[in-house]
Structures are given as C-alpha cells and as structure tokens.
Amino acid sequence: GDTTLLPMRAPLVALLGLGLAAAASAADGSHGRIVAPLRALRGGNLQGENAEVASFGHSNAPLKRQGAFKIARVLSQSFIAAPSAATQPHEKKLAAIGYKEAGVDMTQEDDPFLVAYVNLKLAACGASPVKMTQKEEGFLRLVEPILKTYQEQQHLLCNKGLSLCPADQRIQNFIDDYFLDVDGPAPKLPSRQLKLDRHGLSKMLSLPKGKDFFQNSIISSYRVGQGVLHNPKNDKRTTKGVFHVCDGGLPVSMEKKVIPKLAFKRLFDRALNPPDDFLTVPYTANEEEKTQMFASLLLRPLLSPEVPGFIAEKTAEVRFIVPGSMVCNLDFVESIFGNGDNPDLAENDAALDPEHWSGTSGLVILAPHLVNVNAKDLGLPHKNDATPRQLSDGMFWEKEGDLYNAGSAFKICARDSRGVVVTIIADNYFGYCKKEVKTQLGYAANLYGMAEEEHAGGCLAYPAFDLGEEFDASNLGKVANKGNAAFLGEMHAYYSETAAPRVWKDTVALMGKTIEVKPEGYAIDRQFPDVWYLPETAVFSMPKQSITWTAGGKEQSANLKPRTTYLLPSGYKVEMVKKGSNALSKKKGGQAGQYEKWHLKGTVAEGTNCHKPATVSGGGKSEISKRLQDMIKYGPVFVPSISEDFDKLDELFNKDYSKVSTDATHPSVIKAKTLLDPSVSLGSIIKLMTPQEYYTEEHNLFVKTIPTHLLELLAVIKQNYKTEWGADWRSHFHTDAINGDLGHELKYGDQFLLSSYLRVGFRSAHDQDIPLKHGSDGDAWRLFTLRQDFFPCDKLQTEDDISASVVVPSGVAKKSLWFRSNRPSYKFSQNCEFRLFQRPDEAKHRGFDKICELDMSKPGCFISNFQPLNREDVQ
C-alpha cells in the first residue's frame, strides 16, 4: 500500500533535482544540467561508483547486488573519495553536502550548493530559509511555484494521514496496533520532519550559519580547526537504572525495569512534544525566524555479511527522529553507520528489496525533557499499591513531586515478535545513540536467525620479523647455511607457505598489466612505484646495501633502498626500516638517530584475523588493534663486565642440553653441540632458558641462577651471530674505553646495539616486588625486555564495538579460505561501523597513542567532551 504514495512525492524529488541543477548552472554559467540529477534522484541510469545508489530497490535493479549497507557506505564515503573524470560536479554534490575531498569542510564560497540545498529543504518543510545572497533569492523565487505545489500536496497527505515515509509508516502501524488496548489515541509520529538525506547535512545544520558556536540548556557546540566539537551538559553516564522495557511483548530480563503500557504511552506523547528551544535547528538559531521542527535520519546497519552461495548481505532498518537542536546526534550516528539516503524514495524502501532486508524496523526518539516528568502523571501506582516487581523496579510514586526514574536519564523501548522496536532515550548523550543501534541490531538478529550481533573488536595482524643484516629468500622456512640463521625457522614456513610453491613466473601471470616487468628479472608496480616485485632467489644484504638474484642465467643486482617495499612471489614482504623509530610514517628515511638502527624487516602475506567477541565494555576491544610501537622504549645494550660475561656466555653456548628434558622425545630437546648452531632458533633458546615442567629439576634450578642481563646478552649475540664466524664470535663485539676503564655499552663492529622494552605501566611505592623508594608515582616505568628479533605486527583494524556474523558450513566456503583451514563450519564476521568511534584514553599523554594524535589533527572530526581552545589559550 505504501507504493501508492510515490507519485504524490514526485514533485519534491523534481524540485530538489531542479534546484541543485539550477544552482550548478548559476555557479559556472552552464545550462542543460537538469536531466542527470533527476535521473539520479529517481533511481535512473547513473554511471560509475554511484550506479548502485541509483538502482537500489528499483524495479530495474540488478538481481545480484550488494545491500543497503553498501549503499549507506557509498553515500557516506563519497565525500572522501577523489572525483573521477566521469563524475559530474552536481552528481558528487548530491552524494555529500559540505565536504571537499579528504573530508575537509566546505564553506559557502567553496560550494554554491550548500545554502541552496539547505534552503530548499527548509522551504519544502514549510520553514523560513536562512539569509541568502541576491542570486540565491532569485533561485528560490524561480522554484517558488513548484514549492507551493509540493507544500499543498503535503497538506493533503497530512490531512489524510498519508505523509509518512514507508519506514515510518511501518513503525506507525505497529504503534497503532500496540496501543489498541490502552485508552486514547495512539501517539503519532511527526509528519513534518527535516529529513537528512545526504551525508554532511547534519553536520552543517549543527551550528549557526556563519558562526562557530551554539548553546542551549543541554549542549554546547563549537566549530574547531579539526571539525566540530559537541559537549553535552552531562558527559558521564552509568548503566544503573537506565534500561526500561514496556510490559507486553517479549520477556523482560530481571536486570531491566518493566514499565506499564499506559505509562509508556504517556511518555511517548510527551516525547513528541518537546520544549520549543529543543526544536530549534542550530543552523537557523541566529535568524529572525528560527526553524523549529524534528529532524530525522535513515540508517541501514549491517545485520549479516554476505557469504556467496549461502546468504546475501542483510541489513536492518533504523529511523532516528530527534528535536532539531539535537541534529548533532544525527551527525554522530551518521558518521558511524553511514546515511541511508532519502527515506521517501522507492529505491530506499527496504520492503521493496526483501532479499537484502532483515524484515525488522527500528525507531529511536531523543527526548531529554522526559527526566522532568512526574511519576504520578504517567499513571504509575502509589507505593502502597505497587506490585513486588514495581517496588523492585521503582515504578511507583510516594510523594506528589516524585519524578519518574528519580529524574535520571533512561531509555525505554517497546518491542514484540513482529519485528518492530520503538525506543525513547531521555538524554542527548552520544554513546546512548550508538548503543541503541547496537541493541536494535541484536534484536533484529535474534528474530531473523542464523545471524548474530557481536560486541567485538578485532584486526588483521601481519606477523613481522627482524631478519638481521642479511636475508636469502630461498632459505625462507629453512635452516640457512650463512647469514643470520636464527630467524628462518618453522614459524616462517608456517606463515609463508602457499598451497603450491610460488615462483617468479606466477607473480608475472598474476599481476599482469598492473606491473612493469624489467629485463633484469624484477618488476615495479605501475600505481605504487615504491613497490618492487622480486624473484624467489633474491638475497638482501644490509652491509652491501644490495639485492642480488639470478635471472636468465645471469646474476642481477639492485640497490637496497629505504622507503621501498620488496615483495616475493609468496607475498612475503621485505623492507629496510629503522628499528627504534616509533614514527608513524613507514617511509621515513635519512640517517638513523640515537637508539635507532637500520634492520631488514620481513612481514608475512597472510594476516591473522584477531577477533575478540562477546567483550564487555572496557574489555580491550580497541586495544587489540592499537599499534604496539607506542608502548616500546629502546636503549643500548649494557654489560657489567665484558670479559667475565663473555666467559659465562661461552659456557652457556657450549653446555650439553640434550638431557635437560624429562622426555627424551620432547620437541624441546636440543641435540646440537652449541646454541649458535643455525638449527637452533632464538625462540627455542628462550624456552630453554625458562623453567618448564617438562625440564628436569636440576635444569630449572640452573636456569634460575643465570642473571637477567646475561640472558639478554645471550639473545643479543645469537641474533647478530653469523654461521661463517664459527666459534669466533667474541672478536665481533666490544665496548669502548672511558677514562682508562672498559665501558659498559656493547657494540657490534662500529655499530651500537639495541635493547627494546615494553612499557606496561608505572612503578609505585605500593609495588610488592620492587616498591618505588625514590621519586614520585608516575615518574618511573615498569618495563619488560622484548626478545631481540621482535618486530611488532603490522595491524589493520577491522572491528571496534559492533560486528555482524554468520556461521556457515565448511562446504560453502572452503574453496575461498586458507589452504590449511580444516573445520566443519566457519564464522564470517564484518564490522557494522563505517567509521570507528574511539576514546583517546592514552592520547592525553603525548606520544602514547600517535595514531589517535594523527587522527585528531585531521579535518572532518566529530569530537565530544573536550575543552575548546582558542589561540590565546594555547599560547
């Protein structure tokens, strides 16, 4: 029945398309640009990356297509994507409002669409436009007849109760039926809404035109150099007593409060009648005629990832309706989940695309003024008449002036098995908005089945290794006969092996025209010239600053360079990097500074998907994906007495360890005559020097007598040892003489050596093992030594808080998985968030979270609960 409304909505669609086209023509003097925007808005034949947006839900849409989650991402991502040559300016502006490339904010001077589009939206809703230039006023006069026609049609639709968009109508139908057993008419969703159908529109509307500050009784908003800053009046929240559920429908767990249906209905009525100042749209706050209305947003969050051959991508449907002054809350959820486009259009009607819809609809209404409602006015019983559950939940009043929920913030919902959930949040706290989308996704997943909403964090972690000074790619995963042999063991074989061995010709065939193959037998990526492709016989040498390989029966060579990535046929990556540098840029070159040293770094091609499901708040979802480099400190290698320590090392290297295990067949048994043997890895030495239950008591007691500095020194020598040295390893290490005495800083040739330490917190006077006796708490670190060949993983964050997953039988997915995979079923998980909302806990200490510092220094940020600083404050 909803589709019968579409012809009557067409004038607004035509109006907006005509308006934007006219604005573009006014800007550059061109003509004839009306047809393409109309096609875009009506779901016609768009070309390029936005073709999916145009065809979504349309009768001519492709049968095999991604769902609305991709559409929301396309609409929201277009503001950071560079425009292609085929993209017309007006098409790009239809996808996003108020942004340049790379997320930089636009001004009215940058883009003539901004004020024109906003004024069209306001006028179409019956509100007064903001102040305009003469050219903009002329444009509105041009389209005034169309506007009046559209407004008259809207009046007719409102009078007949047919003005709601399809999603709102589905929700309204549920509301009407849900309250049939309660006296009085059911609450009615506002028919007059400012619908935010383009990414960035909410951000633009959250501050007065041409001004940098907005404030009312519940929010203070600022325009800052990095984007926008919104500080709610109360920025700290608790979950105690917050979650309320309406009686009637699905069962309610005991930790939540149950509210009678009559009380919920009365709260609902009050939620739709907020104070006038709450309804004021900030963009118009300084105008003589302020716009006061509700603003709304359509979200299509992901419910289940697509698994080809098993399930199509599924999305839920969530509508946000908020008083105009809280449009910044819509900016917040839009920034995280994307924009679902215009809810009035057929191509955005989830019911017309059942293959990609979960069948569930959700509504979220913000109503902070409800904290001032009296409990008695809601029809709650007096304490003497309350049931035991009502007494437990506080659903009663004792004195005439008692406020509902003691005047504290809360959120309340009504839901049943029909697939519609309605939530009212009596607060404007941003976190509640995001968590409510998460809650509604969990509800939708439980009803739909096979899918699950997960409170999860995760990343793709690519193990990295210190390859020392020399690396022969042909020895990958083997025991090398020369060079730094300790780093080429079974771990490399496990991570770098492919189902079939990869050779140079496989690289050429796979990459095709994307690489430029050189006559010398290597290739350079055409798009990224700092990426080189080398054969499997490549040998890397730091001392010689060279790479050598064999091609066409001849030895070829090239200079080993920093700021260049070298890829082997297996996908294994080799780079020349500074160990000891915690800079963000991996392309940093130049001479190594103090406690920095050039090393060869190897990174495997196949990353590990680190997925942390079912995680409580504060359980480490974000930390799993943060880079470890910011927690590592570097310093020199010290020896108390080089001669005595080297004598003790000789004894440790050459001791017989073949009988230290209680089980002679245990894999930990080392049969080599010396620990410097290339078949003995550094990892096996670390295990050997750590007490274990499978070692003899005698060996465990022996290990405990070895000083910590000697164990660290043993690892340093092992890491830098080369097979061709034989037993003469001492001559390669020394200390300088200071004031006629031997120094304590160990050096290798003419180079200094590095020790790396992991920072895990501060020392305290209350520490049991080593209490802090000198200095203050917060001055001294608690550090732990890292193994000498350690390099932190390269990480790509994939999840942070809300994920959707589906479990499928192995027969469906086996062919596209890693060749080692062998399980009866597999879980596919995908992040539901378009952008990740982070708490910069460590960033308040400079240098502790450089990624966050970098992110917050970029434009386009949404920031909350920070102090705004002007130039004088900073100085």
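Fair warning: this is a prediction, and the values are worked out from it, not measured in the lab.

### Some words on the packing of aromatic side chains
This model, assessed by the stated rule, comprises 25 aromatic pairs. Aromatic pair phenylalanine 332 and phenylalanine 430: ring centres 5.4 Å apart, planes at 40°, arrangement tilted. With a gap of 98 residues between them, phenylalanine 332 in helix H12 (residues 327-337) and phenylalanine 430 in helix H14 (residues 430-448) connect regions that are remote in the sequence. Residue classification places phenylalanine 430 among the buried residues on the basis of a relative accessible area of 3%. Pairing tryptophan 532 with tyrosine 566 gives two aromatic rings, centres 5.9 Å apart and planes at 75°, and the pair type is edge-to-face. You can see tryptophan 532 sitting in strand S17 (residues 531-533) and its partner tyrosine 566 sitting in strand S21 (residues 565-567), a full 34 residues away along the chain. As far as the burial class goes, tryptophan 532 and tyrosine 566 line up, both buried. Taken together through their ring pairs, the aromatic side chains of Phe471, Tyr522, Trp532, Phe540, Trp549, Tyr566 and Tyr572 make up a single cluster. Directly above the ring of phenylalanine 791 sits lysine 579, whose terminal nitrogen or CZ lies 5.3 Å from the centroid. We note lysine 601 situated over the ring of phenylalanine 791; from NZ or CZ to the ring centre the distance is 5.6 Å.

### Details of the nonpolar core
Grouped together as the largest cluster of nonpolar side chains are 57 residues, with contacts concentrated most on Leu194, Leu196, Leu205, Tyr283, Leu299, Phe320 and Val333. Each residue touching leucine 196, except ones within four places of it in the same chain, is listed here: Leu201, Ser202, Leu205, Ser296, Leu297, Val327, Leu330 and Asn339. With 39 residues, the next largest nonpolar core counts Val182, Leu189, Val371 and Val373 among its residues.

### Quick look at the sheet that holds strand S20 (residues 554-559)
The antiparallel open sheet is built from 4 strands, whose spatial order is S14-S18-S19-S20. This sheet does not close on itself; its edge strands, each paired only once, are strand S14 (470-472) and S20. Neighbouring strand axes in the sheet, compared pairwise and without regard to direction, differ in orientation by 15° on average.

### Thoughts on the state of the cysteines
In the structure shown here, the tally under the stated rule is 0 disulfides. Cysteine 459 provides the cysteine sulfur closest to cysteine 610, a residue in no disulfide bond, and the two sulfurs are 4.6 Å apart. Its relative accessible area of 25% is what places cysteine 610 among the partly exposed residues.

How each quantity is defined
Each chain carries its own residue numbering, running from 1 in the direction its sequence is written. Owing to the predicted nature of the model, reporting of local features is limited to residues with pLDDT of at least 70; listing and counting of side-chain atom pairs is limited to 80 or more, with chain, interface and lining totals taken over all residues. Side-chain numbers here rest on the full set of heavy atoms in the structure, without hydrogens or water. Two rings from Phe, Tyr or Trp (for Trp, the six-membered ring) form a pair when their centres sit within 6.5 Å of each other. Planes less than 30 degrees apart are called stacked, planes more than 60 degrees apart edge-to-face, and all others tilted. Secondary structure follows DSSP: runs of H or I at least 4 residues long count as helices, runs of E at least 2 residues long count as strands, and numbering of each begins at the N terminus. Burial status follows relative accessibility: with a 1.4 Å probe on protein chains alone, a residue under 20% of its type maximum counts as buried, one over 50% as exposed, and anything between as partly exposed. We call a charge positioned above a ring when the Lys NZ or Arg CZ atom is no farther than 6 Å from the ring centre and deviates by at most 35 degrees from the ring normal. Put simply, buried Ala, Val, Leu, Ile, Met, Phe, Trp, Tyr and Cys residues joined by side-chain atoms within 4.5 Å make one nonpolar core. By definition, residues are in contact when any of their heavy atoms lie within 4.5 Å. Two strands are counted as paired when DSSP detects at least two bridges linking them. Fitted lines through C-alpha atoms give the axes, limited to the stretch in contact for helices. The angle between two N-to-C directions lies from 0 to 180 degrees. Disulfides are defined as cysteine sulfur pairs within 2.5 Å.

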